[in-house]
Amino acid sequence: MKMYKEKLLANLIKHIAHIQERINENLKVTQEQADMDVHKIARMRPEDQMVAMQIKGNAMQRVEDLRRLIGSPYFIKCEVILQRTGEKKTYYFAKHHFSEERIYSWFSPVSTIRFEAPGEVSYKLPNGEIQTLT
């Protein structure tokens, strides 16, 4: 049992390090968008200025979210089997999303599965479709 726990812990540490690396990569790209020069935006056409400022604002918020994720990328892991295909999927839940690594916000529709008992569960997608998992 001790070897199993040690192996499990080693795998978890490796997985978290991988996710932290991916978050850092994403953070660099997003930081570039957040650092968009306001003077450059001011020289754009008025209709483009609004879009550029929105992108800049969203990027600034995302930089904050990603920085918070680095120290603790997720707080729960759920393994499920898709009923239609039989495919096994792992979902992780956190305060902020990082969908590139299947980490979803605790506000996302799929996050309702974390409160369900083992067995068949379902959740409603934003488009109204019901996704069923086992």
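The following paragraphs examine the structure supplied in this document.

Cut-offs applied
- Residues numbered from 1 in each chain as written.
- Predicted model: local features only at pLDDT ≥ 70, side-chain atom pairs only at ≥ 80, totals over all residues.
- Heavy atoms only, no water.
- Phe/Tyr/Trp six-rings, centres within 6.5 Å; stacked < 30°, edge-to-face > 60°.
- Helix = DSSP H or I, 4+ residues; strand = E, 2+ residues; numbered from the N terminus.
- Buried < 20%, exposed > 50% of the residue type's maximum accessible area, 1.4 Å probe, protein only.
- Core = buried A, V, L, I, M, F, W, Y, C linked by side-chain atoms within 4.5 Å.
- Contact = heavy atoms within 4.5 Å.
- Lys, Arg positive; Asp, Glu negative; His and termini not counted.
- Salt bridge = Lys/Arg side-chain N within 4 Å of Asp/Glu carboxyl O.
- Polar contact = N/O pair within 3.5 Å; in protein donor to acceptor, adjacent residues only side chain to side chain.
- Pairing = 2+ DSSP bridges.
- Axes fitted to C-alpha atoms, helices over the stretch in contact; angles between N-to-C directions.
- Patch = residues over 30% accessible without salt bridge, like charges linked within 9 Å, V, L, I, M, F, W, Y side chains within 5 Å.
- Areas by Shrake-Rupley, 256 points an atom, 1.4 Å probe, with all protein chains shown as cover.

Some details on the packing of aromatic side chains
Stage number 1. Applying the stated criterion across every chain, the model contains four aromatic pairs.
Stage number 2. The interplanar angle of 50° and the centroid separation of 5.7 Å between the aromatic rings of tyrosine 91 and tyrosine 104 together place this pair among those described as tilted. Linking tyrosine 91 in strand β2 (residues 88-94) with tyrosine 104 in strand β3 (residues 103-105), this pair joins segments that are 13 residues apart in sequence.
Stage number 3. Its relative accessible area of 23% is what places tyrosine 104 among the partly exposed residues.
Stage number 4. Clustering of aromatic rings is evident, with ring pairs tying together Phe75, Trp106 and Phe107.

Observations concerning the nonpolar core
Stage number 1. If you look at the biggest cluster of nonpolar residues, it comprises 13 residues, and the most contacted ones within it are Ile23, Leu66, Leu69, Tyr74, Phe98 and Ile103.
Stage number 2. With residues near it in sequence (within four places) discarded, tyrosine 74 still touches Leu12, His15, Ile16, Ile19, Tyr92, Phe93, Ala94 and Ile103.
Stage number 3. Within the second largest apolar cluster, 10 residues are counted, among which are Val80, Leu82, Val110 and Val121.

Side note on the side chain of lysine 56
Stage number 1. Turning to its location among the elements, lysine 56 is positioned in helix α3 (residues 46-71).
Stage number 2. In this structure, lysine 56 is buried with no salt-bridge partner, the nearest side chain bearing the opposite charge being aspartate 35 at 5.7 Å.
Stage number 3. A polar contact of 3.0 Å, which involves the side chain of lysine 56, links it to the backbone oxygen of methionine 36.
Stage number 4. Setting aside residues no more than four positions away along its own chain, lysine 56 makes contact with Gln33, Ala34, Asp35, Met36, Val38 and Ile41.

Description of the environment of methionine 44
Stage number 1. Among the secondary structure elements, methionine 44 is positioned in the loop between α2 (38-42) and α3.
Stage number 2. Not counting residues up to four positions away in its chain, the partners in contact with methionine 44 are Gln49 and Ala52.

With respect to the environment of glutamate 100
Stage number 1. Structurally, glutamate 100 can be placed in the loop between β2 and β3.
Stage number 2. Ignoring sequence-local partners within four residues, the contact set of glutamate 100 consists of Arg22 and Asn26.
Stage number 3. Polar side-chain contacts of glutamate 100 include one of 3.0 Å to the side chain of asparagine 26.

A closer look at the side chain of arginine 62
Stage number 1. Along the chain, the position of arginine 62 falls in helix α3.
Stage number 2. Salt bridges are absent for the buried arginine 62, whose nearest opposite-charge side chain, aspartate 65, sits at 4.3 Å.
Stage number 3. What arginine 62 contacts, discounting residues up to four positions off in sequence, is Thr30, His97 and Phe98.

Observations regarding the sheet that holds β3
Stage number 1. The three strands lie next to each other as β1-β2-β3, forming an open sheet whose pairing is mixed. Two strands lie at the open edges of the sheet, namely β1 (76-81) and β3, each paired on one side alone. Taking the axes of each pair of neighbouring strands and ignoring which way they run, one obtains an average angle of 35° across the sheet.

Examining a nonpolar patch on the surface
Stage number 1. On the surface, Met1, Tyr4 and Leu8 cluster together into a nonpolar patch covering about 400 Å² of accessible area.
Stage number 2. As for its placement among the helices and strands, leucine 8 is situated in helix α1 (residues 2-34).
Stage number 3. We classify leucine 8 as partly exposed; its relative accessible area is 48%.

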